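Per-entry structural report
This is what each chain is made of:
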Amino acid sequence: MTTSPLRVGILGAARVATFAMIAPAKDVDGIVVQAIAARDPDRARAFAETHAIPSVYGTYESLIESPEIDLVYVATPPVNHAELAIKALRTGKPVLIEKPVAMNAAEARMIHQTADETGLPAIEAFHWRHHALIARALALLPQFGPLRRIEARFDAMIAKSDAEFRWNPTLGGGALMDLGCYCIHWIRTFSGTEPQVLRARMEMEDGVDVTTEADLDCGGVAAVLQTSMRRPRQATLRLEGENGSLLIENPLAPQLGHRLVLTQNNHEAVETLDAEPTFTAQLRAVTAYLAGKAPFVLPAEDAIKNMTVIDAIRIKSR
């Protein structure tokens, strides 16, 4: 059990940290962004000055070992996730790890094993799962009868540059890792199964997949995954049942605009939900969990299962 205030140390002066940790921390009681460390100390200092972070550490390890940190947030490229998460756990600190949790399922298992050994949480930051829209969609799904088909899509234009890790295969780049990991999580969540990969195709450029498509079998339910770094931003999840369908427009970040479209008996109804942003809801859930006040919605082994599907898609695409 962690007491308040929860002092967070960020590893990586990354853009994601600004909206996944720094912004929501202002709206969640009992949490303080205390420190930052990055590979480039100058970048860490500039990041700290911009966001009024009190402490800057010269190395990842010094931040991890600092007694002023209660929770380590790993916001580096995926290539560093396993090493840093394991170091933090062995130092006695829980970790919140940006998605995808690691480079592959083997690394995810190493993190999970260390968390088991230390008795500390290692949480993957799938923020989408904490929005009220998702709970509403899951509650509605049974009225459409047995699930028959799932279509998950997440595209986003990601400009190529030397500084963009998503265009670097050695850092864990590619559409599947950065965008498709969400599609897999959506499919697993709504099917309630661990999918088998039937077919997969990757369009490669400079060593990373710019577009990935895969056909999955979710216990007899057909699922299709599409993701690309070359198409305009689009995030959709379509669930077809025996008696109707449910379309979720923007399950990723509903706070930026969304629609829940219910189609049944030739009638279409549209719902929207006014709820706190996904990142705020995620941080609130993490703090409540670490304080022993509430269970966490994702089971500890969830990260391994998501990476297992990513690995299988890679293998099938070859």
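A brief look at the structure comes next. Model, not experiment: these values are computed from the prediction. (Residues numbered from 1 in each chain as written. Predicted model: local features only at pLDDT ≥ 70, side-chain atom pairs only at ≥ 80, totals over all residues. Heavy atoms only, no water.)

Let us look at the overall build of the protein chain. For the protein chain, the helix and strand inventory stands at 9 helices and 14 strands. Against the globule reference of 20 Å for 318 residues, the protein chain gives a C-alpha radius of gyration of 19 Å, in line with a compact fold. Counting all 318 residues of the protein chain, 55% fall into the buried class. At a minimum sequence separation of 6, the contacts of the protein chain that also span at least 24 residues come to 68%. Counting every atom, the protein chain has about 13700 Å² of accessible surface; 49% of that belongs to carbon and sulfur. Both charge centroids of the protein chain, one from 32 positive and one from 38 negative side chains, sit 2 Å from each other. (Helix = DSSP H or I, 4+ residues; strand = E, 2+ residues; numbered from the N terminus. Rg over C-alpha atoms; globule rule 2.2 N^0.38 Å. Buried < 20%, exposed > 50% of the residue type's maximum accessible area, 1.4 Å probe, protein only. Contact = heavy atoms within 4.5 Å. Areas by Shrake-Rupley, 256 points an atom, 1.4 Å probe, with all protein chains shown as cover. Lys, Arg positive; Asp, Glu negative; His and termini not counted. Charge placed at Lys NZ, Arg CZ, Asp CG, Glu CD.)

Sheets are built from strands paired through backbone hydrogen bonds, the pairs being either parallel or antiparallel. With parallel pairing, the 6 strands of this open sheet are ordered in space as β3-β2-β1-β4-β5-β6. One side of each edge strand has no neighbouring strand; the edge strands of this open sheet are β3 (55-57) and β6 (122-125). Averaged over neighbouring strand pairs, the angle between their axes works out to 25° when direction is ignored. Pairing of strand β4 (residues 71-74) with strand β5 (residues 95-98), which is carried by 3 bridges, proceeds in the parallel orientation. If you follow Val74 over to β5, its bridge partner there is Ile97. (Pairing = 2+ DSSP bridges. Axes fitted to C-alpha atoms, helices over the stretch in contact; angles between N-to-C directions.)

Quick look at the pattern of salt bridges now. Tallied over the entire structure, the rule returns 23 salt bridges. A salt bridge links Lys99 to Asp178; its shortest N-O distance comes to 3.1 Å. Of this pair, Lys99 sits in the loop between β5 and α5 (105-118) while Asp178 sits in helix α7 (residues 175-191); the two residues are 79 residues apart in sequence, bridging distant segments of the chain. Take Lys99 and Asp178: they sit in the same class, and that class is buried. (Salt bridge = Lys/Arg side-chain N within 4 Å of Asp/Glu carboxyl O.)

Take the pairing of β4 next. Burial along β4 is two-sided: Leu71 and Tyr73 and Val72 and Val74, pointing in opposite directions, are all buried. Across 4 bridges, strand β1 (residues 6-11) lies against β4 in parallel orientation. Bridge pairing in β4 links Gly9 to Val72. Assessed by its sense of winding, the connection that carries the chain from β4 through helix α4 (residues 81-90) to β5 is right-handed. (Right-handed = clockwise from strand over helix to strand, strands pointing away.)

Counted under the stated rule, the structure contains 6 aromatic pairs. Ring centres of Phe126 and Tyr182 lie 5.5 Å apart, and the angle between their planes is 75°; this geometry places the pair in the edge-to-face category. Of this pair, Phe126 sits in the loop between β6 and α6 (132-140) while Tyr182 sits in helix α7, and the two are 56 residues apart along the sequence. The buried category is assigned to Tyr182, whose relative accessible area is 6%. Taking 5.6 Å as the distance between ring centres and 40° as the angle between the ring planes, the aromatic pair formed by Tyr289 and Phe296 counts as tilted. (Phe/Tyr/Trp six-rings, centres within 6.5 Å; stacked < 30°, edge-to-face > 60°.)

Moving on, we come to the nonpolar core. If you look at the biggest cluster of nonpolar residues, it comprises 110 residues, and the most contacted ones within it are Ile10, Trp186 and Ile313. Ranked by residues supplied to this core, first place goes to α7 with 11 residues. The contacts of Ile313, once residues within four sequence positions are left out, are Leu176, Ile184, Val197, Ala200, Met202, Thr212, Ala214 and Leu225. (Core = buried A, V, L, I, M, F, W, Y, C linked by side-chain atoms within 4.5 Å.)

The buried fraction of strand β10 (residues 221-228) amounts to 6 of the 8 residues, a majority that puts the element mostly inside the structure. Where strand β9 (residues 208-218) folds back on β10, the antiparallel hairpin that results is connected by 2 residues, among which Gly219 adopts a positive phi of roughly 60°.

Before going further, it helps to spend a moment on α6. By the burial criterion, the buried members of α6 are Leu133, Ile134, Ala137 and Leu140. Take α6 and look down its axis: the buried residues cluster within an arc of 130°, on one side only. (Arc of directions from axis to C-beta.)

The next point concerns the state of the cysteines. Inspection of every chain in the model, using the stated rule, returns 0 disulfides. For the unlinked cysteine Cys181, the closest cysteine sulfur is that of Cys183, found at 8.3 Å. Looking at Cys181, the relative accessible area reads 0%, which means it is buried. Judged by its relative accessible area of 0%, Cys183 is buried. (Disulfide = S-S within 2.5 Å.)

With that settled, consider unusual backbone geometry. Cis geometry marks the peptide bond from Lys99 to Pro100; its omega dihedral reads -15°. Of note, Ala52 is a non-glycine position whose phi angle comes to about 55°, a positive value. Within the secondary structure layout, Ala52 lies in the loop between α2 (41-51) and β3. Phi at Asn266 is positive, roughly 60°, even though this residue is not glycine. Checked against the element boundaries, Asn266 lands in the loop between β13 (259-264) and β14 (267-271).

The sheet built from 8 strands is open, its strands ordered β8-β9-β10-β7-β11-β12-β13-β14 with mixed pairing. Of all the strands in the sheet, the pair left with one neighbour each is β8 (196-205) and β14. Each strand axis lies, on average, 10° off the axis of its neighbour in the sheet, ignoring direction. Where α6 meets the sheet, its contacts fall on β12 (244-249), β13 and β14, and the angle it forms with β13 comes to roughly 10°.

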